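# Analysis of the macromolecular model
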Amino acid sequence: MARATPTSGTTATSRYARRHLRFGWWSLLVFLALGLVLETLHGFKVGFYLDVANSTRRLMWTLAHAHGALLGLVHVVFGLSLRVAAESAPARLALPSRALVAATVLLPGGFFLGGVTFYSGDPGVGVALVPVGAVLLLLAVFLAARAA
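Residues numbered from 1 in each chain as written. Predicted model: local features only at pLDDT ≥ 70, side-chain atom pairs only at ≥ 80, totals over all residues. Heavy atoms only, no water.

## A closer look at the packing of aromatic side chains
- Considering all chains together, one arrives at three aromatic pairs under this definition.
- On the numbers, 5.9 Å between centres and 55 degrees between planes, the contact of phenylalanine 48 with tryptophan 61 is tilted. Residue phenylalanine 48 is found in helix H2 (residues 47–50), and its partner tryptophan 61 is found in helix H3 (residues 55–84); the two are separated by 13 residues along the sequence.
- Relative accessible area serves as the criterion here: at 8%, tryptophan 61 is assigned to the buried category.
- Both rings, one in tyrosine 49 and one in tryptophan 61, keep their centres 6.5 Å apart while their planes meet at 20 degrees; by these two values the pair is stacked. (Phe/Tyr/Trp six-rings, centres within 6.5 Å; stacked < 30°, edge-to-face > 60°. Helix = DSSP H or I, 4+ residues; strand = E, 2+ residues; numbered from the N terminus. Buried < 20%, exposed > 50% of the residue type's maximum accessible area, 1.4 Å probe, protein only.)

## A word on a nonpolar patch on the surface
- Nonpolar side chains collect at one region of the surface, where Phe112, Leu113, Val116 and Leu129 lie side by side and expose about 290 Å² of accessible area between them.
- Broken down by element, the nonpolar patch gets its largest block of residues, three residues, from helix H4 (residues 94–116).
- Looking at where phenylalanine 112 falls in the secondary structure, it is placed in helix H4. (Patch = residues over 30% accessible without salt bridge, like charges linked within 9 Å, V, L, I, M, F, W, Y side chains within 5 Å. Areas by Shrake-Rupley, 256 points an atom, 1.4 Å probe, with all protein chains shown as cover. Salt bridge = Lys/Arg side-chain N within 4 Å of Asp/Glu carboxyl O.)

## Points about the layout of surface pockets
- Roughly 310 Å³ of internal volume is contained in the largest pocket.
- Those elements that provide at least two residues to the lining of the largest pocket are H3, H4 and helix H5 (129–147).
- Take the lining of the largest pocket: its biggest share by element is six residues, from H5.
- Of the residues belonging to the lining of the largest pocket, the class tally is 15 nonpolar, two polar and one charged. (1 Å grid on protein atoms, 1.4 Å probe; cavity = no way out; pocket = protein on both sides within 12 Å on 5 of 7 lines; lining within 4 Å. Points joined across faces, edges and corners; volume = space filled by probe spheres on them. Nonpolar A, V, L, I, M, F, W, Y, C, P; charged D, E, K, R; others polar.)

## Some thoughts on the side chain of serine 97
- Mapped onto the elements, serine 97 comes out in helix H4.
- Once you skip the residues sitting within four places of it in the chain, serine 97 turns out to touch Tyr16, Arg19 and His20. (Contact = heavy atoms within 4.5 Å.)

## Focus on H4
- For H4, which comprises 23 residues, the first-to-last C-alpha distance of 33 Å matches the rise-based estimate of 33 Å (1.5 Å per residue) to within 8%.
- Of all the bends in H4, the greatest measures close to 25 degrees and is centred on glycine 109. (Expected span 1.5 Å × (residues − 1). Bend = angle between axes of the 7 residues up to and from the residue.)

## Observations concerning the packing of H3 against H4
- It is the contact of H3 with H4, at a shortest axis distance of 7 Å, that shows an interaxial angle of 170 degrees. By the criterion of interaxial angle, the relationship of H3 to H4 is roughly antiparallel. From H3, Arg57, Met60, Trp61, Leu63, Ala64, His67, Gly68, Leu71, Val74, His75 and Phe78 reach across to H4, where they touch Leu100, Val101, Ala103, Thr104, Leu107, Pro108, Phe111, Phe112, Gly114, Gly115 and Val116. (Axes fitted to C-alpha atoms, helices over the stretch in contact; angles between N-to-C directions. Parallel < 35°, antiparallel > 145°, perpendicular 65-115°, else oblique.)

## Observations regarding the environment of histidine 20
- Along the chain, histidine 20 falls in helix H1 (residues 9–43).
- A relative accessible area of 0% places histidine 20 in the buried class.
- Put simply, histidine 20 and leucine 80 are 60 residues apart on the chain and 8.5 Å apart in space, counted from C-alpha to C-alpha.
- Discounting residues that sit within four places of it in the chain, histidine 20 has contacts with His75, Val76, Phe78, Gly79, Ser97, Leu100 and Val101.
- At 2.8 Å, the side chain of histidine 20 forms a polar contact with the side chain of histidine 75. (Polar contact = N/O pair within 3.5 Å; in protein donor to acceptor, adjacent residues only side chain to side chain.)

In structure tokens form, the structure reads like this:
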């Protein structure tokens, strides 16, 4: 059986689609599991998470869970849209693909790290990753919208 050449546009687009479907489903699993952990901490009234002094941690980790789960769904939708619009030029997919993956790591990761250590109600330095992830997400969505 003959294999498609790596330069084939449809094959490269299919690889991007599979990559984002896989990344999206695994991201969704990870961030939904984080949500389950947060619900467990809440259910058992764990002070490390629920005490008033730890409200910054609770907010940051809730934001990490919500943004991560949403971005997992964005990857699934992006992957499915690539399958529908298979004629997309693979060269135009590299930047939005990388930006979306980086945003999925940096945005919720920054929120999570911001809640690991915090100072007088202010999130830790990890929260500095959030604006970088947000800009990358905007870039990925802009490029995907323009290509559609």
